[in-house]
Amino acid sequence: MIDYDKIRDKRIAVLLSGGVDSSVVVYEFASRGIHPDCFYIKIGPEEKEEWDCNSEEDLEMATAVAAKYGCKLQVVDCHKEYWSQVTRYTMEKVKAGLTPNPDVMCNRLIKFGAFDEKMGHSYDLIATGHYAQTEWIDGKKWLTTSPDPVKDQTDFLAQIYQWQLKKAIFPIGHYVKNEVRDIAEREHLVNAKRKDSQGICFLGNINYDEYIRRYVGEKTGDVIELETGKKIGEHKGHWFHTIGQRKGLGLGGGPWFVVKKDAEKNILYVSHGYDPQTAYKSDFIIHGFDFLTEGITTLPEHITFKIRHTPDNHEATVEDHGDGTYTIHSKDKIHGVAPGQFCVIYDAEHHKCYGSGEITL
C-alpha cells in the first residue's frame, strides 16, 4: 500500500490512457486531496485513415476523467520516439527470427523514458495503471507482484531502468481487477464499463500480423517437418510465426507445432502430434540481464520465472556463468521457449521481481 502522506508534497505525473485502470489511479489520488498533473501520451499509428485506432476515444475519456477530478491534462506527443525506437526494435527482432515484446520496451523507452525526458525529468513520481506494486525492503525499492495473478503486469515492467523504478508508482497495484471496476462504477467514471485493451499497447484494434506486414512485408518460404525433412507447405514469412505456435499455420492433418526457425533461409520447422517433446525445454540460457533494484547484482539460486504473460509461473534454479549469462533449469518442461523472449525472474515466493534477460538458445 502507498503511504500517500509521504508523497503529498511530491511532483506527480499520471499517465492517463483513457482506460478504466489509469482513471481509477486519478481517483485514488483525488480521494486523498492530491491532484496530480495528468498526461495522455500520443503514440498512435501513422496512417489514421488506414488503421483502426481508438486514440480519439481514448483522449475523450482521459479528458473527462481529468476534468472530473480537477486535474490538468496535457497531450504529450511521443509518436516519433515510439516509431523510431520501439518499432525499430520490434522489426529488427522479427527479421532475425526472434520473438520480441514491444509492450515491454514501450514501458522502458516511452512511458518511463521519452515522456520523462520531454518533461525535463521534472516529476518526482510517475504513476500508471499497471497491476504491480513497489515496496521498500531493507532500504531498497523493489518491483513486487500484484495480488491479481491474471492481471499482474510486473513482467511488462521488468525491463525498466533502475532510475525509472525509483520514480514509478502503481496506485491500483494492490487491487484485483473486479475491485477496480467496482470503484469505477461507484464513482460513475465515464469509462467504468469500457473493455480492456487487447494486444500491443499502441495498436488499438490493429492486427499484429498486419503491423508486421506493413513494415517487413511478405516472403514465401518452406514449411518442413522436423523429423523427416519433408516439405509440407509454405508460409509468407518466418516473422509471422513464433516457436510453440499451433494455430494459423494452414496445414492439414494437424495439429502441427512450430518448433524451430531458420531465419537466414526463411524456413519454418514443424512437428506433428499433440504437444511433441521437441516443443518443450527445461533448460535455456538468458543474457543481457537487467537488475531492477539498485544495489542488487546477483540472482538467488532458487527462483520463479515467466516467459510470457500468463497467470502461471515456474519454479527453477539459476546457474550463473559469471559472464553475464545464466542457465535457467526449470523444474518443469516449458512449452514454446523462443529466442528473443524475455525471461522475467522473481524470488522463490514469486513476490519480488529481480528483472529480466533475453532468451538465447
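In what follows, the structure referred to is the one given above.
Overview of the structure.

Rules used in this analysis
Residues numbered from 1 in each chain as written. Predicted model: local features only at pLDDT ≥ 70, side-chain atom pairs only at ≥ 80, totals over all residues. Heavy atoms only, no water. Helix = DSSP H or I, 4+ residues; strand = E, 2+ residues; numbered from the N terminus. Rg over C-alpha atoms; globule rule 2.2 N^0.38 Å. Buried < 20%, exposed > 50% of the residue type's maximum accessible area, 1.4 Å probe, protein only. Contact = heavy atoms within 4.5 Å. Areas by Shrake-Rupley, 256 points an atom, 1.4 Å probe, with all protein chains shown as cover. Salt bridge = Lys/Arg side-chain N within 4 Å of Asp/Glu carboxyl O. Core = buried A, V, L, I, M, F, W, Y, C linked by side-chain atoms within 4.5 Å. Phe/Tyr/Trp six-rings, centres within 6.5 Å; stacked < 30°, edge-to-face > 60°. Lys NZ or Arg CZ within 6 Å of the ring centre and 35° of its normal.

Brief notes about the overall build of the protein
In terms of regular secondary structure, the protein is built from nine helices and 17 strands. For 361 residues, the compact-globule estimate of 2.2 N^0.38 gives 21 Å, and the C-alpha radius of gyration of the protein, at 21 Å, lies within 12% of that figure. When the backbone C-alpha atoms are referred to their principal axes, the protein occupies close to 70 × 50 × 35 Å. In the protein, which comprises 361 residues, the share counted as buried stands at 52%. Residue pairs at least 24 apart in sequence account for 67% of intrachain contacts in the protein once pairs closer than 6 positions are excluded. Of the accessible surface of the protein, which amounts to about 16,800 Å², a share of 47% is contributed by carbon and sulfur atoms.

Observations regarding the pattern of salt bridges
Enumeration over the complete set of coordinates arrives at 18 salt bridges. Between Glu57 and Arg194 there is a salt bridge, with the nearest N and O atoms lying 3.4 Å from each other. Of this pair, Glu57 sits in helix α3 (residues 55–68) while Arg194 sits in the loop between α8 (177–186) and α9 (208–216), and the two are 137 residues apart along the sequence. Note on Glu57: relative accessible area 37%, which makes it partly exposed. Judged by relative accessible area, Arg194 falls into the buried class, the value being 16%.

Some words on the nonpolar core
Generally speaking, soluble globular proteins have nonpolar side chains that are buried together. Phe39, Ile110, Phe115 and Leu143 are the most contacted members of the largest nonpolar core, which totals 42 residues. Broken down by secondary-structure element, the contributors of at least two residues to this core are β1 (12–15), β2 (37–42), α4 (79–95), α5 (102–118), α6 (154–157), α9 and β16 (342–347). Take this core: its biggest share by element is eight residues, from α5. If you look at the next biggest cluster of nonpolar residues, it comprises 31 residues, including Val14, Val65, Tyr69 and Leu125.

Remarks on the packing of aromatic side chains
Within the structure shown, the criterion is met by 12 aromatic pairs. Cluster of aromatic residues (ring-pair linked, three or more members): Phe39, Phe115 and Tyr123. In this arrangement the basic side chain of Lys260 is found over the ring face of Tyr269, its NZ or CZ atom lying 5.2 Å from the centre. The lysine or arginine in question, Lys352, covers the ring of Trp142, its NZ or CZ lying 4.4 Å from the ring centre.

What about the environment of Asp290?
Relative to the helices and strands, Asp290 is located in strand β12 (residues 280–291). In this structure Asp290 comes out as partly exposed when scored by relative accessible area, which is 25%. In this structure, the C-alpha to C-alpha distance between Asp290 and Cys106, residues 184 residues apart in sequence, is 16 Å. If we skip the residues at most four places from it in the chain, Asp290 touches Arg108, Ala158, Gln159, Tyr354, Gly355 and Ser356.

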